[in-house]
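Spelled out from the first residue to the last, the chains are:
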Amino acid sequence: DTAVSQTPKYLVTQMGNDKSIKCEQNLGHDTMYWYKQDSKKFLKIMFSYNNKELIINETVPNRFSPKSPDKAHLNLHINSLELGDSAVYFCASSPRTGGPGELFFGEGSRLTVL
Amino acid sequence: AQTVTQSQPEMSVQEAETVTLSCTYDTSENNYYLFWYKQPPSRQMILVIRQEAYKQQNATENRFSVNFQKAAKSFSLKISDSQLGDTAMYFCAFTFGGSEKLVFGKGTKLTVNP
């Protein structure tokens, strides 16, 4: 069983569309994250949720809206997609009790905006 | 603000040899944690090794070890007996106690040649 799974793994869409990426973890972790990896491979945190509550919201445009229906799921919805949104988006989870920074990552979702 | 710097964008090593990847960081925190993550071509991020700043002993995980120089704020990764499967992007990362945020360096692309 995949510990942190994201769908879809690849997404190609037109500028201006709205799209969602789903993430689920079966590790029983309390904390989940979204990270963005740009074309230069730079990874930066976007959001962090702890038990469905938003903990971190970096300077991300409000076109990006995370939603956590329960602590095992953290979805990312993006409105009015722009060319600069093209990136790989990684979902991750953390047990916290294992110590800060021990993240378990999904395989990433490559978003291409045309 | 915390920053992580990896000064080697790319490196290569022959199979079975040893390679060292550099990482420096900047922080005013006393209680912090350092990590090396590996991202193979499959894209999934995998934790390689972690180091708690309060521990003087360098962390070791099989063929992977770190040289943690706290005064110099340096955290290099040594890979011994390099294997083809070690080919990947390697990211140095930092977080501090109480933070949910992991700050990544820009990565070093390591190629292990047969």
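Residues numbered from 1 in each chain as written. Chains lettered and ligands numbered in written order. Predicted model: local features only at pLDDT ≥ 70, side-chain atom pairs only at ≥ 80, totals over all residues. Heavy atoms only, no water.

Participant: Even after reading the chapter, I still don't get the overall build of chain A, so can you show me in this structure?
Facilitator: Secondary structure summary: chain A contains zero helices and 11 strands in total. Overall, chain A shows an N-to-C arrangement of helices and strands of β-β-β-β-β-β-β-β-β-β-β. The principal-axis extents of the C-alpha atoms in chain A amount to approximately 40 × 25 × 25 Å. Every one of the 114 residues in chain A was classed for burial, and the buried ones make up 46%. Pairs at least 24 apart in sequence give 53% of the contacts found in chain A among residues at least 6 apart. Carbon and sulfur atoms form 49% of the exposed surface of chain A, whose accessible area is close to 5,500 Å². Both charge centroids of chain A, one from 13 positive and one from 12 negative side chains, sit 4 Å from each other. (Helix = DSSP H or I, 4+ residues; strand = E, 2+ residues; numbered from the N terminus. Buried < 20%, exposed > 50% of the residue type's maximum accessible area, 1.4 Å probe, protein only. Contact = heavy atoms within 4.5 Å. Areas by Shrake-Rupley, 256 points an atom, 1.4 Å probe, with all protein chains shown as cover. Lys, Arg positive; Asp, Glu negative; His and termini not counted. Charge placed at Lys NZ, Arg CZ, Asp CG, Glu CD.)

Participant: Sorry if this is basic, but what is going on with the nonpolar core here?
Facilitator: Across soluble globular proteins, nonpolar side chains have a tendency to be buried as a group. Of all hydrophobic cores here, the largest spans 25 residues; its most connected members are Tyr25, Trp36, Phe75, Leu77 and Tyr90 of chain B. Elements with a minimum of two residues in this core: β3 (19-21), β5 (32-39), β6 (46-52), β8 (64-69), β9 (74-79), β10 (88-96) and β12 (108-113) of chain B. Broken down by element, this core gets its largest block of residues, four residues, from β10 of chain B. Excluding anything up to four places from it in sequence, Leu77 of chain B contacts Val19, Thr20, Leu21, Trp36, Ile49, Phe64, Ser65, Val66 and Tyr90 of chain B. Counting residues in hydrophobic clusters, the runner-up holds 20 residues, among them Cys23, Trp34, Leu76 and Ala87 of chain A. (Core = buried A, V, L, I, M, F, W, Y, C linked by side-chain atoms within 4.5 Å.)

Participant: What's the story with the pairing of strand β11 (residues 109-113) of chain A in this structure? I'm lost.
Facilitator: Put simply, side chains in a regular strand alternate between the two faces of the sheet. All names here are of chain A. Here β11 shows a buried face lined by Ser109, Leu111 and Val113 and an unburied face lined by Arg110 and Thr112. Pairing of strand β2 (residues 10-13) with β11 involves four bridges; the strand directions are parallel. In the strand pairing of β11, Leu11 is matched with Leu111. The pairing of strand β9 (residues 87-94) with β11 spans three bridges and is classified as antiparallel. (Pairing = 2+ DSSP bridges.)

Participant: How should I be thinking about the interface of chain B and chain A in this particular structure?
Facilitator: Often, the extent of an interface is quoted as the loss of accessible area upon association of its parts. On the chain A side, the residues contacting the 19 residues of chain B number 30 residues. The junction of chain B with chain A conceals about 2,000 Å² of combined surface from both sides, 55% of it contributed by carbon and sulfur atoms. Joining chain B to chain A, the criterion identifies two salt bridges. A salt bridge links Arg50 of chain B to Glu102 of chain A, with the shortest nitrogen-to-oxygen separation between them at 2.6 Å. The interface formed by chain B and chain A contains nine residue pairs in polar contact (both at pLDDT 80 or more). Looking at the side of chain B that touches chain A, the elements with two or more residues in it are β5, β6 and β10 of chain B. A per-element tally of the side of chain B that touches chain A places β5 of chain B first, with four residues. For the side of chain B that touches chain A, the per-class residue count stands at nine nonpolar, five polar and five charged. (Buried area = accessible area lost by both parts, 1.4 Å probe. Salt bridge = Lys/Arg side-chain N within 4 Å of Asp/Glu carboxyl O. Polar contact = N/O pair within 3.5 Å; in protein donor to acceptor, adjacent residues only side chain to side chain. Nonpolar A, V, L, I, M, F, W, Y, C, P; charged D, E, K, R; others polar.)

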